[in-house]
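Architecture and fold: a report
The primary structure of each chain is shown beneath.
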Amino acid sequence: MITNREEVLENALRVFAKMNYEKASQVVIGKACGLSKAGLVYYFPFKLDLFVAVVDKYVFGMQAVANKFRSETASLSEFIDSYIAGVEQTMRRLLSLLDDGNNPAGCSINFYYYHLLMQVRLYYPDVEQKIADLFRQDYEFWKSAIQSAKDNGEIRSDLDIEGAAMMFRQAFFGLSFEQSFLKGLDTRRLAKELRFIYSLLKA
């Protein structure tokens, strides 16, 4: 079996998402990659190095606003559609990566990803600022769209931009987290929730 660095990262992603970091030994990860421990060490000498590489690609890279959403929209209404499309595209990508047919716990893919995110907070070195920056990107993305909508008269002129951005962002994050414990995020429900918030803001 020929394995390259990208295949190692994909297989390690599945292991870290479905198994606690402490239990995900280099032997276990190597086996998932079709490699011996020595073969895995050739690519990543230390487990933490591999974990950091996985997180950089599949969390900080995949969730970066520039990689997830299209920024050119004419209205807040179109922005919401674009935002949902970006969420759906990211979910499809994660599904293709994480759903290997081995799901003994019966969890949704969303839940496995949140499980990975919890481990990122625990084990990724000096991670707090990187997480804060990721969240800030998303809030700034919403704030920019809402400010434009306010400037062009699409939404109320007395609107608190930061408060509105918080409502949209928390609606997404809260629903995504809640539904990860069930069948995974229903983007049609998300669209309905974001549209409801939008209806409250219209001029």
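My aim in this report is to walk through the structure given alongside it, one point at a time. (Residues numbered from 1 in each chain as written. Predicted model: local features only at pLDDT ≥ 70, side-chain atom pairs only at ≥ 80, totals over all residues. Heavy atoms only, no water.)

Quick look at the overall build of the chain
A tally of helices and strands in the chain yields ten helices and zero strands. Helices and strands in the chain line up, N terminus first, as α-α-α-α-α-α-α-α-α-α. Across its three principal directions, the C-alpha atoms of the chain cover 65 × 30 × 30 Å. Split into buried and exposed, the 203 residues of the chain put 45% on the buried side. Summarising the internal contacts of the chain: among those between residues at least 6 apart in sequence, 69% fall at separations of at least 24. With the model as given, the accessible surface of the chain reaches about 10900 Å², and the carbon-plus-sulfur share is 55%. Side-chain charges in the chain split into 25 positive and 25 negative, and the spacing between the mean points of these groups amounts to 5 Å. (Helix = DSSP H or I, 4+ residues; strand = E, 2+ residues; numbered from the N terminus. Buried < 20%, exposed > 50% of the residue type's maximum accessible area, 1.4 Å probe, protein only. Contact = heavy atoms within 4.5 Å. Areas by Shrake-Rupley, 256 points an atom, 1.4 Å probe, with all protein chains shown as cover. Lys, Arg positive; Asp, Glu negative; His and termini not counted. Charge placed at Lys NZ, Arg CZ, Asp CG, Glu CD.)

Concerning the packing of helix H9 (residues 161-180) against helix H10 (residues 187-201)
Taken N-terminus to C-terminus, the directions of H9 and H10 make an angle of 160 degrees; their axes are 10 Å apart at the nearest point. Taken together, H9 and H10 sit at an angle that is classed as roughly antiparallel. Of the two possible hands of crossing, H9 and H10 adopt the one that is right-handed. Between H9 and H10, the residues in contact are Ala164, Met167, Phe168, Ala171, Phe172, Leu175 and Gln179 and Arg189, Leu190, Glu193, Leu194, Ile197, Tyr198 and Leu201, respectively. (Axes fitted to C-alpha atoms, helices over the stretch in contact; angles between N-to-C directions. Parallel < 35°, antiparallel > 145°, perpendicular 65-115°, else oblique. Left-handed = near helix turned anticlockwise from the far one by under 90°.)

With respect to the pattern of salt bridges
Considering all chains together, one arrives at twelve salt bridges under this definition. For Lys57, the salt bridge is made with Glu6, and the minimal N-O distance between the two is 2.1 Å. Of the two residues, Lys57 sits in helix H4 (residues 47-61) while Glu6 sits in helix H1 (residues 5-18), which places them 51 residues apart along the sequence. According to the relative accessible area criterion, Lys57 is partly exposed, its value standing at 31%. By relative accessible area, Glu6 is classed as partly exposed at 35%. Between Arg169 and Asp138 there is a salt bridge, with its nearest N and O atoms 3.0 Å apart. Of the two residues, Arg169 sits in helix H9 while Asp138 sits in helix H8 (residues 128-151), which places them 31 residues apart along the sequence. Overall, the relative accessible area of 9% leaves Arg169 in the buried class. (Salt bridge = Lys/Arg side-chain N within 4 Å of Asp/Glu carboxyl O.)

Some points on the packing of H8 against H9
Packing of H8 against H9 leaves a shortest axis separation of 9 Å and a crossing angle of 125 degrees. By the angle between their directions, the pair H8 and H9 is classed as oblique. As for how H8 packs across H9, the hand of that crossing is right-handed. Residue-level inspection shows Phe135, Asp138, Tyr139, Trp142, Lys143, Ile146, Gln147 and Lys150 of H8 in contact with H9, the latter providing Ile161, Glu162, Ala164, Ala165, Met166, Phe168, Arg169 and Gln170.

Observations regarding helix H7 (residues 109-123)
The first and last C-alpha atoms of H7 sit 21 Å apart over 15 residues, in line with the 21 Å expected at 1.5 Å per residue. Turning to H7, its buried residues number three or more, namely Ile109, Asn110, Tyr112, Tyr113, Tyr114, Leu116, Gln119 and Val120. Of the surrounding elements, those touching the buried residues of H7 are H1, H4, helix H6 (76-98) and H9. (Expected span 1.5 Å × (residues − 1).)

By themselves these figures say nothing about function.
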